[in-house]
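What follows is each chain in one-letter form.
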Amino acid sequence: MAGTTPQHTDVEGVDGGVGLTALLVAAARAIETHRHDSLAQDAYAEHFVRAAPACADWPVRIEQVPDGDNNPLWGRFARYFGLRTRALDDFLLRSVGASARQVVLLGAGLDTRAFRLDLPSDCVVFEIDRAGVLAFKQRVLTNLSAAAKVKRVPVPVDLREGWVSALTTVGFDPAAPSVWLAEGLLFYLPGPAETYLIDTVDRLTTGGSALAFEAKLEKDLQAYRDSPIYTATREQIGIDLLHLFDKGPRPDSAGDLTAKGWSTSMHTPFDFTRRYQRGPLPEPNDALEGNRWVFAHKPSP
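For clarity, every value in this text was computed on a predicted model and none was experimentally measured.

Just to check I follow, could you spell out the pairing of strand S2 (residues 124-129) for this structure?
For a regular strand, the rule is simple: side chains alternate between the two faces of the sheet. Counting buried residues along S2, six of its six residues qualify, which places the element largely inside the surrounding structure. Here S2 shows no split at all, with Val 124, Phe 126 and Ile 128 on one side and Val 125, Glu 127 and Asp 129 on the other all buried. In terms of strand pairing, strand S1 (residues 102-106) meets S2 through five bridges, oriented parallel. Note on S2: the bridge partner recorded for Gln 102 is Val 124.

Pasting the structure below:
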């Protein structure tokens with residue numbers, strides 16, 4: 001996922017700044033994978049964690065966490081990431097089942113959907129992220145002799161730069177339906193960058209396309225600074241998410257898409273906890289309270 005603040009722009013890989021959050025999500029997916037009631041399977045996730053020195057001592061199974069599911073980071077927060085993975089997996093599979101054969105992962109990070117999901121054989125997955133992140137991912141996957149199930153096209157470019165031409169140059173066709181995922185990305189971007197990204201997705205898509213993204217509704221992110229999730233993430237692995245999130249006002253991207261003719265639905269993560277009977281439920285001083293998952297479809301003409 002793209003870095004946004006000047007102090008992180010020189011971090012090329014996954015060893016610091018926003019790149020490190022990709023490893024946090026990978027560790028969460030690894031823990032989810034090994035659960036007896038797993039919501040999502042990612043056999044590659046723990047290998048990313050083990051390959052990066054920054055997280056050599058992170059757990060990849062809940063049994064490795066002394067307080068288990070009572071741990072706010074590796075219990076509740078990791079389960080949140082597992083739930084998010086499953087919700088977006090299902091959205092993607094529904095979208096390609098309908099008509100889309102192009103998948104675009106914005107800020108792909110250590111996403112392995114091209115390797116682990118049963119996508120139609122004529123699907124193409126475009127993974128946009130910074131070169132250092134994609135190179136780290138490729139090294140790990142190559143060492144595992146991992147083979148993508150469908151055509152996979154890495155697009156090494158920062159989302160704050162000329163990613164549209166980079167995407168179309170490697171074969172993305174705006175005239176064919178596509179499905180886009182922005183998983184754990186937008187709140188790291190300045191508001192105008194988010195607006196540009198959403199506008200660009202609208203411009204690059206035809207009818208029958210779809211987009212899913214995660215947003216935060218909080219007017220004041222610092223209100224949850226002392227929440228168990230943020231505190232545990234700071235204290236246990238040294239990642240201060242509130243430092244990495246953009247501090248400016250957030251646009252109403254769901255409303256913008258609706259105004260452009262898309263059909264959009266907005267959900268809390270807890271809606272999916274109830275749907276799948278697994279995952280976090282609301283609690284006091286909850287940093288997840290303002291998180292929203294938005295699913296948007298562009299109707300065919």
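How should I be thinking about unusual backbone geometry in this particular structure?
Residues other than glycine seldom take positive phi values, yet Ser 145 does so here, at roughly 55 degrees. Note on placement: Ser 145 falls in the loop between helix H5 (131-143) and strand S3 (151-156). Even without being a glycine, Asn 285 presents a positive backbone phi close to 50 degrees. Its location among the elements puts Asn 285 in the loop between helix H11 (269-276) and strand S7 (291-297). The partly exposed category is assigned to Asn 285, whose relative accessible area is 35%.

Mind showing me how you'd approach the environment of Ala 215 here?
By the secondary structure assignment, Ala 215 is in strand S5 (residues 210-216). Distance from Ala 215 to Glu 161, taken between C-alpha atoms, is 21 Å for residues 54 residues apart in sequence. Setting aside residues no more than four positions away along its own chain, Ala 215 makes contact with Phe 187, Gly 290, Asn 291 and Arg 292.

Got a minute to help me understand the packing of aromatic side chains in this structure?
Ring pairs (aromatic) are described by centroid distance and by the angle formed between their planes. The final tally for this structure, using the stated rule, is 18 aromatic pairs. With a centroid separation of 5.9 Å and an interplanar angle of 80 degrees, the aromatic rings of Phe 126 and Phe 172 are classed as edge-to-face. One end of the pair, Phe 126, is in strand S2; the other, Phe 172, is in the loop between helix H6 (163-169) and strand S4 (178-182), with 46 residues separating them in the sequence. Accessibility classification places Phe 126 together with Phe 172 in one group, the buried group. The cationic tip of Lys 216 hangs over the ring face of Phe 187; the distance from NZ or CZ to the ring centre is 5.7 Å.

Would you mind going over helix H1 (residues 17-33) with me for this structure?
Because each turn of an α-helix spans 3.6 residues, side chains separated by three or four positions end up pointing in the same direction. With 17 residues, H1 should reach 24 Å at 1.5 Å per residue; the first-to-last C-alpha distance of 25 Å fits that figure. Here H1 lies mainly inside the structure; 17 of its 17 residues are buried.

It is not clear to me how the confidence of the model for the protein chain should be interpreted in this structure. Could you clarify?
Fine structural detail should not be taken from predicted coordinates in areas where pLDDT scores are low. Scored by pLDDT, the protein chain has a mean of 93; 96% of the residues are at 70 or more. Below pLDDT 50 for its whole length, residues 1-11 participates in 33 contacts with residues either more than four positions away or in separate chains.

I'm lost on the environment of Leu 186 in this one. Help?
With respect to the helices and strands, the residue Leu 186 is situated in the loop between S4 and helix H7 (191-203). On the basis of relative accessible area, Leu 186 is assigned to the buried category, the value being 1%. Separated by 28 residues in the primary sequence, Leu 186 and Asp 158 place their C-alpha atoms 13 Å from one another. Residues within four places of Leu 186 in sequence aside, it is in contact with Glu 194, Leu 197, Ile 198, Phe 213, Glu 214 and Arg 250.

Can you help me understand the pairing of S7 in this one?
Within S7, six of the seven residues are buried, which leaves the element mostly enclosed by the surrounding structure. The pairing of S5 with S7 spans seven bridges and is classified as antiparallel. Across the sheet, residue Glu 214 finds its bridge partner in S7, namely Trp 293. Note that strand S6 (residues 263-267) and S7 share five bridges and pair antiparallel. Counterpart to His 267 in the pairing with S7 is Trp 293.

Parameters at a glance
Residues numbered from 1 in each chain as written. Predicted model: local features only at pLDDT ≥ 70, side-chain atom pairs only at ≥ 80, totals over all residues. Heavy atoms only, no water. Buried < 20%, exposed > 50% of the residue type's maximum accessible area, 1.4 Å probe, protein only. Helix = DSSP H or I, 4+ residues; strand = E, 2+ residues; numbered from the N terminus. Pairing = 2+ DSSP bridges. Contact = heavy atoms within 4.5 Å. Phe/Tyr/Trp six-rings, centres within 6.5 Å; stacked < 30°, edge-to-face > 60°. Lys NZ or Arg CZ within 6 Å of the ring centre and 35° of its normal. Expected span 1.5 Å × (residues − 1). pLDDT = per-residue confidence, 0-100.

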